[in-house]
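Each chain is listed here by its residues.
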Amino acid sequence: GEEVAQTPKHLVRGEGQKAKLYCAPIKGHSYVFWYQQVLKNEFKFLISFQNENVFDETGMPKERFSAKCLPNSPCSLEIQATKLEDSAVYFCASSQSVTGLGYTFGSGTRLTVV
Amino acid sequence: SQQGEEDPQALSIQEGENATMNCSYKTSINNLQWYRQNSGRGLVHLILIRSNEREKHSGRLRVTLDTSKKSSSLLITASRAADTASYFCATDGEGNNRLAFGKGNQVVVIP
């Protein structure tokens, strides 16, 4: 399809619970990026993939956060043992190149940790 | 770390007026991009300007880039209520591995 599909749109988790977010990139786009946006402010880069391989994970918190992009499956971002500060909107984007073309963003998943 | 950094602004203008917002960055870039975010939505790519370009137009959008000053501006002419959104610039200077987004400018166009 021509849109990046993110599910679910909203996710509420109790502190300490696991959260799993999904992203289906545009077919033919080799790169997938995850960003975290807190309180409508700047977008914090988390991790990127080139096809199913991790391309850049320098933004990922070392603990609790993990991500995958497996063939023929949506990409996923998982947060183990969520904390209140994980509350944010998580955006996925895909692109045919790393930075040379525009990214196409999904509508995001709003995670609320209570 | 390098990021596109907008001059933090909340701009409120009347429909039909022009809106201008600025962005500065710290290191060398290959290109700079502008995005729009409507409330509750993801970023929408507006325009890309390469480092060897000084000005670019797309519809009612005009982007300038001054690499000597490491700054860019986005001009929206004849604004419409539908232009109400936050606008972000993004640069590729982080080792070219991804786009780095700045804080964003909120623009409100009053009908």
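Note that the coordinates shown come from a computational prediction; the quantities given were computed from them, not determined experimentally.

### Let's talk about the overall build of chain A
Here's step 1: The helix and strand tally for chain A stands at zero helices and 11 strands.
Here's step 2: Secondary structure elements of chain A, listed N to C terminal, follow the sequence β-β-β-β-β-β-β-β-β-β-β.
Here's step 3: Against the 2.2 N^0.38 benchmark of 13 Å for 114 residues, chain A shows a C-alpha radius of gyration of 13 Å, consistent with a compact globule.
Here's step 4: Expressed along its principal axes, the backbone C-alpha trace of chain A runs to roughly 35 × 25 × 25 Å.
Here's step 5: As displayed, chain A has an accessible area near 5700 Å², and 50% of this comes from carbon and sulfur atoms.

### Considering the sheet that holds strand 1 (residues 5-7) of chain A
All names here are of chain A.
Here's step 1: Read across the open sheet, the four strands follow the order 1-3-8-7; overall the sheet is antiparallel. Unpaired on one side and paired on the other, strand 1 and strand 7 (65-68) mark the two borders of the sheet. Each adjacent strand pair in this sheet contributes to an overall mean axis angle of 15 degrees, direction not counted.
Here's step 2: Across four bridges, strand 7 lies against strand 8 (residues 75-79) in antiparallel orientation. Residue pairing across strands places Lys68 opposite Ser76, the latter belonging to strand 8.

### Let's talk about the interface of chain B and chain A
Here's step 1: On the side of chain A, 22 residues touch chain B, which itself brings 22 residues to the contact.
Here's step 2: The interface formed by chain B and chain A holds two salt bridges in total.
Here's step 3: One salt bridge connects B:Arg98 with A:Asp56, and the closest N-O pair in it is separated by 2.7 Å.
Here's step 4: Between chain B and chain A we count nine residue pairs in polar contact (both at pLDDT 80 or more) in total.
Here's step 5: Partitioned by chemical class, the residues of the side of chain B that touches chain A number six nonpolar, 11 polar and five charged.

### Remarks on the packing of aromatic side chains
Here's step 1: Applying the stated criterion to the full structure yields 15 aromatic pairs over all chains.
Here's step 2: Relative to A:Phe91, the ring of A:Phe43 has its centre 5.4 Å away and its plane inclined at 45 degrees; by these criteria the two rings are tilted. Note that A:Phe43 is positioned in strand 5 (residues 43-50) and A:Phe91 in strand 9 (residues 88-95), a separation of 48 residues in sequence. Each member of the pair, A:Phe43 as well as A:Phe91, is classed as buried.
Here's step 3: Taking the centre distance of 5.3 Å and the plane angle of 70 degrees together, the rings of B:Tyr35 and B:Phe101 count as edge-to-face. Taken together, the residues span a long stretch of sequence, with B:Tyr35 in strand 4 (residues 31-37) and B:Phe101 in strand 10 (residues 100-101) at a distance of 66 residues. Accessibility assignment for this pair places B:Tyr35 and B:Phe101 in one class, buried.

### Describing the layout of surface pockets
Here's step 1: Space inside the largest pocket adds up to approximately 510 Å³.
Here's step 2: Lining the largest pocket are 26 residues, and of these A:Lys40, A:Val89, A:Arg110, B:Ser39 and B:Gly40 lie nearest its centre.
Here's step 3: If you list the elements that add at least two residues to the lining of the largest pocket, you get strand 9 and strand 11 (109-113) of chain A together with strand 9 (85-91) and strand 11 (105-110) of chain B.
Here's step 4: Its residues assigned to classes, the lining of the largest pocket comprises eight nonpolar, 14 polar and four charged.
Here's step 5: Roughly 330 Å³ of volume is contained in the second largest pocket.
Here's step 6: Around the second largest pocket, the lining comprises 17 residues; the ones closest to its centre are A:Pro25, A:Leu70, A:Asn72, A:Ser73 and A:Cys75.
Here's step 7: Among the residues forming the lining of the second largest pocket, the class breakdown is nine nonpolar, six polar and two charged.

Definitions and limits used
Residues numbered from 1 in each chain as written. Chains lettered and ligands numbered in written order. Predicted model: local features only at pLDDT ≥ 70, side-chain atom pairs only at ≥ 80, totals over all residues. Heavy atoms only, no water. Helix = DSSP H or I, 4+ residues; strand = E, 2+ residues; numbered from the N terminus. Rg over C-alpha atoms; globule rule 2.2 N^0.38 Å. Areas by Shrake-Rupley, 256 points an atom, 1.4 Å probe, with all protein chains shown as cover. Pairing = 2+ DSSP bridges. Axes fitted to C-alpha atoms, helices over the stretch in contact; angles between N-to-C directions. Contact = heavy atoms within 4.5 Å. Salt bridge = Lys/Arg side-chain N within 4 Å of Asp/Glu carboxyl O. Polar contact = N/O pair within 3.5 Å; in protein donor to acceptor, adjacent residues only side chain to side chain. Nonpolar A, V, L, I, M, F, W, Y, C, P; charged D, E, K, R; others polar. Phe/Tyr/Trp six-rings, centres within 6.5 Å; stacked < 30°, edge-to-face > 60°. Buried < 20%, exposed > 50% of the residue type's maximum accessible area, 1.4 Å probe, protein only. 1 Å grid on protein atoms, 1.4 Å probe; cavity = no way out; pocket = protein on both sides within 12 Å on 5 of 7 lines; lining within 4 Å. Points joined across faces, edges and corners; volume = space filled by probe spheres on them.

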